[in-house]
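Descriptive structure summary
Below, each chain spelled out in residue letters.
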Amino acid sequence: MSDESAPVLRVKDLEKTFRLGFFRKKVDAVRGVSFDVRPGEIFGLLGPNGAGKTTTIKSILRLVRPSGGQVELFGGSPDEPAVRAKVGYMPENPYVYQYLRPLEFLDLCGRLVGMGRKERRERSEAMIDQVKLRHAVDRPIGRFSKGMMQRVGLAQALLHDPQLLILDEPMSGLDPIGRKEVRDVLLAQRDAGKTLLFTSHVLSDVEVLCDRVVILRKGKVRAEGAVSELVRAEVERYELELADADEALEKALAELGKVIRHPARLHVTLAERSEVDRALALAAEAGAHVVALRPQQRSLESLFMEEASDGD
């Protein structure tokens, strides 16, 4: 009897070293990466370019052979065909046959994974609607935009109804409307009980979608945990916006925090609540009007910059 709480994916001490160039220079792309992906969650794999995200994904899928460490998928080895059949994968740059139309391409993908003709037809039609490509079914894929190509890649990843979706930059090339539509597709998959792992540089999407994240830098894990825990609830600073503020008030507020004057507004950044109280009192004494007071909480972007930009 299987344990429903067991991780869908377990990565332990994963390493991947490449040898490049004439002199076979050693490049450590992944260095001791460990994390678990739990059933029914959306997991984010984050990091700057060159952090090791795509190499980690390819090592999990055995598209490249790891140099060390262990990977378990559904409690088994990713080398087993029955295990890989439970996984849907969308690469960062999906490769498609340019002359095929979307339904023809999806039919080919369905044949490659052993789907029957009726199932291929029904699933292909459903995926075209799900990724909003019905308007382009008669057009060769080679004429598609980057965003439309991403939708085709997502459709083929979903085609065989996998239990685990691994998506490398699924939002790449999409406009805001397209990103919203893809987010809805991913959330619908999670609501259907599927598990998702994806990479993205659009941190606002990650913050909305992900239950937990790992941040990589130079092939190492720099931060890991639930988004709600990593993005702290406490206020980091306050943004005060004033109208009708004279130069004397501006000078007094500059002693409390950072002040920026715009033509009709004065913006003040304050670190402590006590400074806010003092600034409001000064503004009232000077006859200035409070336009807005905005508490600023820590964001995933600020955490990403801290962990992805610091030294070793």
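You'll find the structure just up there.
Residues numbered from 1 in each chain as written. Predicted model: local features only at pLDDT ≥ 70, side-chain atom pairs only at ≥ 80, totals over all residues. Heavy atoms only, no water.

**Examining helix α5 (residues 146-158)**
In this model, α5 (13 residues) spans 19 Å end to end at C-alpha, consistent with the 18 Å of a helix rising 1.5 Å per residue. In terms of burial, α5 is a largely internal element, 12 of the 13 residues being buried. Within the sequence span of α5, burial applies to G147, M148, M149, Q150, R151, V152, G153, L154, A155, Q156, A157 and L158. Contacts from the buried residues of α5 go to β5 (87-90), α3 (102-112), α4 (117-130), β6 (164-168) and α6 (176-191). (Helix = DSSP H or I, 4+ residues; strand = E, 2+ residues; numbered from the N terminus. Expected span 1.5 Å × (residues − 1). Buried < 20%, exposed > 50% of the residue type's maximum accessible area, 1.4 Å probe, protein only. Contact = heavy atoms within 4.5 Å.)

**Notes on the sheet that holds strand β1 (residues 9-20)**
Taken together, 3 strands build an open sheet; the order of strands is β2-β1-β4 and the sheet is antiparallel. Looking along the sheet, the strands with just one partner apiece sit at the ends: β2 (25-37) and β4 (68-73). Recorded for the sheet is a direction-independent mean angle of 25° between the axes of neighbouring strands. As paired elements, β1 and β4 share 5 bridges and run antiparallel to each other. Bridge pairing in β4 places V11 opposite V71. (Pairing = 2+ DSSP bridges. Axes fitted to C-alpha atoms, helices over the stretch in contact; angles between N-to-C directions.)

**Notes on the packing of α3 against α4**
The interhelical angle for the contact between α3 and α4, taken along N-to-C directions, is 130°, at an axis separation of 9 Å. Relative to α4, α3 is oriented oblique. Read as a crossing pair, α3 and α4 show a hand that is right-handed. Residues P102, L103, L106, D107, G110 and R111 of α3 form the contact with α4, whose participating residues are R120, S124, E125, M127 and I128. Here the residues of the contact of α3 with α4 sort into 5 nonpolar, 2 polar and 4 charged. (Parallel < 35°, antiparallel > 145°, perpendicular 65-115°, else oblique. Left-handed = near helix turned anticlockwise from the far one by under 90°. Nonpolar A, V, L, I, M, F, W, Y, C, P; charged D, E, K, R; others polar.)

**What to know about the nonpolar core**
Ranked by size, the top nonpolar core spans 43 residues in total, and within it F105, L154, L167 and L186 carry the most contacts. When near neighbours in sequence (up to four residues on either side) are disregarded, L154 contacts M90, V131, L167, V182, V185 and L186. Counting 25 residues, the second largest nonpolar core, distinct from the first, contains V8, L9, V30 and L45. (Core = buried A, V, L, I, M, F, W, Y, C linked by side-chain atoms within 4.5 Å.)

**Quick word on the environment of F144**
Along the polypeptide, F144 turns up in the loop between α4 and α5. Sequence-wise, F144 and Q98 are 46 residues apart; in three dimensions their C-alpha atoms are separated by 9.0 Å. Contacts of F144, omitting those with residues within four sequence positions, involve P102, L133, A136, R139, M149 and V152.

**What about unusual backbone geometry?**
Residues other than glycine seldom take positive phi values, yet R24 does so here, at roughly 55°. Relative to the helices and strands, R24 is located in the loop between β1 and β2. Non-glycine residue K218 carries a positive phi angle of around 50°. The residue K218 is located in the loop between β8 (212-217) and β9 (220-226) in this model.

**Notes on the pattern of salt bridges**
If you walk through the whole model with that rule in mind, you get 21 salt bridges. Note that K12 is salt-bridged to D13, the shortest N-O span being 3.9 Å. In this structure, the salt-bridge partner of E122 is K118, at a minimum N-O distance of 2.5 Å. With E122 and K118 both in helix α4 and 4 residues apart, this pair spans about one turn of that helix. What emerges from the salt-bridge pattern is a single network uniting E41, R212 and E224. (Salt bridge = Lys/Arg side-chain N within 4 Å of Asp/Glu carboxyl O.)

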